[in-house]
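Examination of the molecular architecture
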Amino acid sequence: MGDLTTNRSNATGTAPVLVASNRGPVSFSTSDDGTLTLRRGGGGLVSGLSAIEDPNAVWVCAALDDSDRRAAAEAPRGRLDLAGHEVGGQAVRMLDLDPQTFARAYNGVANSTLWFVHHLLFATPTAPAFDAGFRTEWAAYRAYNEAFAEALAAEAAPNAAVLVQDYHLSLVPALLRETRPDLRIGHFSHTPWAPPDYYRLLPDDVARAVLTGILGADRAGFLTERWARAFAACCEDLLGATVDHDALRVTFDGRTTRLGVHALGADADFLRERAHRPDVDERLAALRAAVGDRRTIVRVDRTELSKNIVRGLLAYRHLLRTRPQWHDRVVHIAFAYPSRTDLAEYRDYTARVQELAEAINAEFATPTWQPLILHVDDDFPRSLAAYRLADVALVNPIRDGMNLVAKEVPVVSDRGCALVLSREAGAHAELRDDALTVNPYDVIATADALHAGLTMSQEERADRTKRLAAVATALPPQQWFLDQLNAL
């Protein structure tokens, strides 16, 4: 990785708008005959970038596996569009990073450290322990961020707007500003932000580097005001920065960074159209056959530690143990899709989810009633079918930057559903008036909320769902993206 300070020059690229994120809009796989196959991704960022009509816009991302690395290596400067790949109208520069550097940065720092800090996930009697191994990972994280900064500097036109995404790339704004002070730089955090006392778990120099990295941006965006204020509090507490709490501005080392709040919403048009295609109808029929005329409690999550699936299952078990009137009258449909299977904590967590699900069925099932249907394989059409069928949606994360499932279910629901929602989800700030709020750690209160949702009248469910859907779609991905761009 070259020293960024050696790359100063007047040479610039041609991109007036750039996006940087770990995962790009496309990925590759290698078929048996050795040919590369491209697959386009989904999600808010991909939808948002489609709002940019300038063909010179560039998305900079990392190659995530060997197939991606091969595609990046075979493309001029990693530019997939210049290699003839159909990447959706914009240019894509995929970085062919050293696999070990990538793994250390991505798994060691981004997902095992920063994610854990912001979601308050550490079991602090034993973790974290920032030893020599962590320092190797931190050096890799810095090198990974430097590679992004170098690529962005090379691709950006004079005075271009650069939107840097998420905790993987928290050092990029400051690194990029060193070489390209002409650029308008924004950073957006898709996670929560830890309060100062918890954020101080990080080594002091690392904690400061992450904050000053983001403060290299002209504007730092967050999903809720709560997370923006937590970031400002960390800057004030750890850096001694000056914070204008009314205007949400942080001034440090002679520069002022504006903080913005952009509550990403659901893409209503896409969801409603996609949820009524034949493959969804087919899965809906299968779920209805399995459920019969019983009520349904639905959850759809990745088996991510912060999603709190285990306590959700414990709450369902408590409901069945304490309210036998629901025996043979309700089915819990739980889709827990694999996540970060290369980390032991996640594999153990998935095993715990499966073990508890089996125990619930063993305790309550009858020859004609399976109280819990669990799937741990990813199937988006089946998720949409479950959304449509839900009488109650359970969204109970320990902590979540936003949680789009809470916004998607009301949009897709056929008959209206009651939303049981953790107060620690970012979406709660917008949806709390029509949701049933729970403390995610309180299993008994969550069971009570499930009962309240199941007994809610059809009319009230429908009315609440209508209001929830309106709020949930207020800032769809394209507008969410353009608002950030315009704010720069």
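See the structure above.
Residues numbered from 1 in each chain as written. Predicted model: local features only at pLDDT ≥ 70, side-chain atom pairs only at ≥ 80, totals over all residues. Heavy atoms only, no water.

**A few points about the overall build of the protein**
When you go through the protein residue by residue, the secondary structure sums to 18 helices and 17 strands. In summary, the protein has a C-alpha radius of gyration of 23 Å against a globular reference of 23 Å for 488 residues, a match within 12%. C-alpha extents for the protein along the principal axes are approximately 75 × 55 × 40 Å. Considering the protein as a whole, with its 488 residues, one finds that 57% of them fall into the buried category. If you take every contact in the protein between residues at least 6 apart in sequence, the share linking residues at least 24 apart comes to 78%. Carbon and sulfur atoms provide 48% of the accessible area of the protein, an area that totals close to 19,400 Å². Separation between the mean location of the 52 positive side-chain charges and that of the 64 negative ones in the protein comes to 3 Å. (Helix = DSSP H or I, 4+ residues; strand = E, 2+ residues; numbered from the N terminus. Rg over C-alpha atoms; globule rule 2.2 N^0.38 Å. Buried < 20%, exposed > 50% of the residue type's maximum accessible area, 1.4 Å probe, protein only. Contact = heavy atoms within 4.5 Å. Areas by Shrake-Rupley, 256 points an atom, 1.4 Å probe, with all protein chains shown as cover. Lys, Arg positive; Asp, Glu negative; His and termini not counted. Charge placed at Lys NZ, Arg CZ, Asp CG, Glu CD.)

**What about the packing of helix H4 (residues 132-155) against helix H7 (residues 204-215)?**
Contact geometry of H4 with H7 gives a least axis separation of 12 Å together with a crossing angle of 20°. Considered as vectors, H4 and H7 are oriented roughly parallel to each other. Pair H4 / H7 crosses with left-handed handedness. Within the contact between the two elements, H4 uses Phe134, Arg135 and Trp138 and H7 uses Asp205, Val206, Ala209 and Val210. (Axes fitted to C-alpha atoms, helices over the stretch in contact; angles between N-to-C directions. Parallel < 35°, antiparallel > 145°, perpendicular 65-115°, else oblique. Left-handed = near helix turned anticlockwise from the far one by under 90°.)

**Digging into the packing of helix H10 (residues 278-291) against helix H13 (residues 380-389)**
Here H10 crosses H13 at 55°, and the two axes come no closer than 8 Å. Considering the angle they form, H10 stands oblique to H13. Our pair here, H10 against H13, has a crossing hand that is right-handed. In this structure, H10 contributes Asp279, Val280, Asp281, Arg283, Leu284, Leu287, Arg288 and Val291 to the contact, and H13 contributes Pro381, Arg382, Leu384, Ala385, Ala386, Arg388 and Leu389. Of the residues contributing to the contact of H10 with H13, the split by class is nine nonpolar, no polar and six charged. (Nonpolar A, V, L, I, M, F, W, Y, C, P; charged D, E, K, R; others polar.)

**Concerning the pairing of strand S2 (residues 26-30)**
Across five bridges, the pairing between S2 and strand S3 (residues 36-40) is antiparallel. Residue pairing for S3: Phe28 is matched across the bridge by Leu38. A loop of five residues connects S2 with S3, the two strands running antiparallel in sequence, and Gly34 in this loop sits at a positive phi of about 90°. (Pairing = 2+ DSSP bridges.)

**Examining the packing of aromatic side chains**
Aromatic ring pairs are defined here through the distance separating the ring centres and the angle between the ring planes. One pass over the structure, following the stated rule, counts 15 aromatic pairs. A ring pair is formed by Phe270 and Phe380, whose centres lie 6.4 Å apart and whose planes are at 5°; its orientation type is stacked. Here the residue Phe270 occupies a position in helix H9 (residues 268-274), and Phe380 occupies one in helix H13, the gap between them amounting to 110 residues. Residue Phe380 is classed as partly exposed on the basis of its relative accessible area, which comes to 36%. Of the aromatic side chains, those joined through ring pairs into one cluster are Phe102, Tyr106, Trp138, Tyr141, Tyr144 and Phe148. (Phe/Tyr/Trp six-rings, centres within 6.5 Å; stacked < 30°, edge-to-face > 60°.)

**Some thoughts on unusual backbone geometry**
In this structure, the amide linkage connecting Ala127 to the following residue, Pro128, adopts the cis form with an omega of 5°. Looking at the secondary structure, you find Pro128 in the loop between helix H3 (99-118) and H4. Even without being glycine, Arg77 reaches a positive phi, approximately 55°. Along the chain, the position of Arg77 falls in the loop between helix H2 (66-74) and strand S5 (91-95). Its identity as a non-glycine residue notwithstanding, Leu120 has a phi of 55°, on the positive side. Summarising the element assignment, Leu120 is placed in the loop between H3 and H4.

**Observations concerning H10**
For H10, spanning 14 residues, the distance from its first C-alpha to its last is 20 Å, which sits close to the expected 20 Å at 1.5 Å a residue. By the burial criterion, the buried members of H10 are Val280, Leu284, Leu287 and Val291. Taken end-on, H10 shows its buried residues confined to a sector of 65°, consistent with a single buried face. Residues of H10 that are exposed and angled more than 90 degrees away from the buried face: Pro278, Glu282 and Ala289. Taken together, the buried residues of H10 touch H9, strand S12 (295-302), strand S13 (330-337) and H13. Following H10 by one or two positions, Gly292 adopts a phi angle in the positive range, close to 70°. (Expected span 1.5 Å × (residues − 1). Arc of directions from axis to C-beta.)

**Here's the deal with helix H8 (residues 225-239)**
Given a rise of 1.5 Å per residue, 15 residues ought to cover 21 Å, and the 20 Å separating the end C-alpha atoms of H8 matches this to within 8%. Inspection of H8 places Trp227, Ala228, Ala230, Phe231, Ala232, Cys234, Cys235, Leu238 and Leu239 among the buried residues, and these make up the whole buried set. Structurally, H8 contributes buried residues whose contacts are with helix H6 (196-199), H7, strand S8 (219-222), strand S9 (242-244), strand S10 (249-252) and strand S11 (255-261). The first or second residue beyond H8 is Gly240, which carries a positive phi of 75°.

**Structural notes on the nonpolar core**
Side chains of nonpolar character tend, in soluble globular proteins, to be buried together. Formed by 171 residues in total, the largest nonpolar core has its most connected members in Trp193 and Tyr199. Per element, the largest residue contribution to this core is 10 residues, and it comes from H4. Not counting the four nearest positions on each side in its chain, Tyr199 is found in contact with Val117, His118, Trp193, Ala194, Val206, Ala207, Val210, Leu211, Cys234 and Leu238. (Core = buried A, V, L, I, M, F, W, Y, C linked by side-chain atoms within 4.5 Å.)

**Comments concerning the pattern of salt bridges**
Inspection of the entire model under this criterion finds 35 salt bridges. Of the charged contacts in the structure, one is a salt bridge between Arg79 and Asp81, with a shortest N-O distance of 2.8 Å. Exposure remark for Arg79: the relative accessible area of 11% places this residue in the buried category. Note on Asp81: relative accessible area 23%, which makes it partly exposed. Residues joined in a network through salt bridges with shared partners are Arg77, Arg79, Asp81, Arg93 and Glu155. (Salt bridge = Lys/Arg side-chain N within 4 Å of Asp/Glu carboxyl O.)

Distances and angles like these do not, on their own, reveal function.
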